[in-house]
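Here's the letter readout for the chains.
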Amino acid sequence: VQLQASGGGLVQPGGSLRLSCAASGSIFSINAMGWYRQAPGKQRELVAAITSGGSTYYADSVKGRFTISRDNAKNTVYLQMNSLKPEDTAVYYCNADVGITIATIRDYWGQGTQVTVSS
């Protein structure tokens, strides 16, 4: 199973970006999917997560600005980021709990995509 993330880049404060992460490989099912980020010198933190049923979680720092969604048919999770701030600058990683068989669930990570918010 592979997670391929895309959509990062350089954006000015107040701007928007949309991250995508597609899972591929031998997938029986996908449970929760999420986005984490890690800024230089800081620990990796959970930004947003979404269950297979569509329930969502957001870190307080991004509530009202970021929206997580998923397309189950495409095994893809998205993160729409609006009103970006310099403190959102980090490497963003996608994560998924993947059922590779009916009885086996494993945790997978994408390769990370850089988001830089700067004028």
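Residues numbered from 1 in each chain as written. Predicted model: local features only at pLDDT ≥ 70, side-chain atom pairs only at ≥ 80, totals over all residues. Heavy atoms only, no water.

Student: Which parts of the structure should I look at to understand the overall build of the protein?
Tutor: Of regular secondary structure, the protein possesses zero helices and 11 strands. Tracing the protein from N to C terminus, the helices and strands come up as β-β-β-β-β-β-β-β-β-β-β. Here the C-alpha radius of gyration of the protein, 14 Å, is about what a compact globule of 119 residues would show, namely 14 Å. Considered along the principal axes of its C-alpha atoms, the protein spans approximately 50 × 25 × 25 Å. (Helix = DSSP H or I, 4+ residues; strand = E, 2+ residues; numbered from the N terminus. Rg over C-alpha atoms; globule rule 2.2 N^0.38 Å.)

Student: Quick question: what am I supposed to make of the nonpolar core here?
Tutor: If you look at soluble globular proteins, the nonpolar side chains tend to sit buried side by side. Counting residues in hydrophobic clusters, the biggest one holds 31 residues, and the most contacted among them are Trp35, Phe66, Ile68, Leu79, Met81 and Tyr92. For this core, the elements supplying multiple residues, two or more each, are β1 (2–6), β3 (17–24), β4 (29–38), β5 (45–50), β7 (66–71), β8 (76–81), β9 (90–99) and β11 (113–117). Sort the elements by how many residues they give to this core and β9 lands first, with five residues. (Core = buried A, V, L, I, M, F, W, Y, C linked by side-chain atoms within 4.5 Å. Buried < 20%, exposed > 50% of the residue type's maximum accessible area, 1.4 Å probe, protein only.)

Student: Mind showing me how you'd approach the environment of arginine 70 here?
Tutor: Considering the arrangement of structural elements, one finds arginine 70 in strand β7. Take arginine 70: its relative accessible area is 16%, and that puts it in the buried class. Put simply, arginine 70 and alanine 22 are 48 residues apart on the chain and 9.7 Å apart in space, counted from C-alpha to C-alpha. Excluding its chain neighbours within four sequence positions, the residues that come into contact with arginine 70 are Ile30, Asn31, Ala32, Met33, Ile50, Thr51, Ser52, Thr76, Val77 and Tyr78. Within the structure, the side chain of arginine 70 is placed 2.7 Å from the backbone oxygen of asparagine 31, a separation counted as a polar contact. Of note is the side chain of arginine 70, whose polar atom sits 2.6 Å from the side chain of asparagine 72. (Contact = heavy atoms within 4.5 Å. Polar contact = N/O pair within 3.5 Å; in protein donor to acceptor, adjacent residues only side chain to side chain.)

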